[in-house]
Amino acid sequence: MVYAVVSYLHFVAILLLFALLVLEHQLLRQPLDFERARSLYRVDIAFGIVAGLVLFTGAARAMRYGKGLDYYLNNSLFHTKVGLFIAVALLSLYPTLTFFRWRSALKAGEVPALTPGSARRMTLIIRIELFTLLLIPLFAALMTRGFGVMLR
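Notes on the structure in this doc start here. Quantities reported herein were computed from a predicted structural model and do not represent experimental measurements.

Calculation rules
Residues numbered from 1 in each chain as written. Predicted model: local features only at pLDDT ≥ 70, side-chain atom pairs only at ≥ 80, totals over all residues. Heavy atoms only, no water. Salt bridge = Lys/Arg side-chain N within 4 Å of Asp/Glu carboxyl O. Buried < 20%, exposed > 50% of the residue type's maximum accessible area, 1.4 Å probe, protein only. Helix = DSSP H or I, 4+ residues; strand = E, 2+ residues; numbered from the N terminus. Phe/Tyr/Trp six-rings, centres within 6.5 Å; stacked < 30°, edge-to-face > 60°. Core = buried A, V, L, I, M, F, W, Y, C linked by side-chain atoms within 4.5 Å. Contact = heavy atoms within 4.5 Å. Axes fitted to C-alpha atoms, helices over the stretch in contact; angles between N-to-C directions. Parallel < 35°, antiparallel > 145°, perpendicular 65-115°, else oblique. Nonpolar A, V, L, I, M, F, W, Y, C, P; charged D, E, K, R; others polar.

Quick look at the pattern of salt bridges
Using the criterion set out here, one finds two salt bridges in the structure. Residue Arg36 pairs with Asp33 through a salt bridge whose shortest N-O separation is 3.6 Å. With a relative accessible area of 35%, Asp33 lands in the partly exposed category. Where Glu35 meets Arg38, a salt bridge forms, and the shortest distance between an N and an O atom there is 2.7 Å. One end of the pair is Glu35 and the other is Arg38, both in helix α2 (residues 34-65) and three residues apart, which spans about a single turn.

Some points on the packing of aromatic side chains
When we look at a pair of aromatic rings, we describe it by the centre distance and by the angle of the planes. Inspection of every chain in the model, using the stated rule, returns three aromatic pairs. Seen from their ring centres, Phe99 and Trp102 are 5.0 Å apart, and the 65 degrees between their planes marks the pair as edge-to-face. Trp102 matches Phe99 in its accessibility class, with the two residues each being buried. Every member of this aromatic cluster is reached through a ring pair, and the members are Tyr71, Tyr72 and Phe78.

Notes on the nonpolar core
Core analysis: the largest hydrophobic core is formed by 35 residues, its most contacted members being Leu17, Leu40, Trp102 and Leu114. Contributing elements (two or more residues each) for this core: α1 (2-27), α2, α4 (76-91) and α7 (116-144). In terms of residues, this core owes the most to one element, α2, which gives ten residues. The contacts of Trp102, once residues within four sequence positions are left out, are Leu32, Ala37, Leu40, Pro112, Ala113 and Leu114.

So, the packing of helix α5 (residues 93-101) against α7
The interhelical angle for the contact between α5 and α7, taken along N-to-C directions, is 135 degrees, at an axis separation of 9 Å. Considering the angle they form, α5 stands oblique to α7. Across the interface between the two elements, Tyr94, Pro95, Thr98 and Phe99 from α5 touch Ser118, Arg121, Met122, Ile125 and Glu129 from α7. Residues that form the contact of α5 with α7 fall into these classes: five nonpolar, two polar and two charged.

Structure representation (structure tokens):
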């Protein structure tokens, strides 16, 4: 029963992570207004929390409630999935640090400065993150069907 609950929480967290990233993409348009800037800041915080939940539930599945840690560590697709997740985390640093720098302007009730170049970079990064997140379930599906097992 616990296996099913952990799996469910992992899947819901992944869906929520994707939804929050889509929401960031939609909110990030020019000209930026105060409400959207504040929403971007809050959505990005939620994105970080949910990414942690994805990581925690994924680790729980791999170490305790899945096929066994040995299976996952000896599967190249598992390493690919983890690598893609790390890539998304690294890509998200630029938008996150940008939104974090907005904190003082938002507290003062001001619209943070967002140059067109920075907005384009963040939009591109978010699109790359979305595409990368779409690949992870493909590798998961292949992995659960026995693909990627490394020979010893």
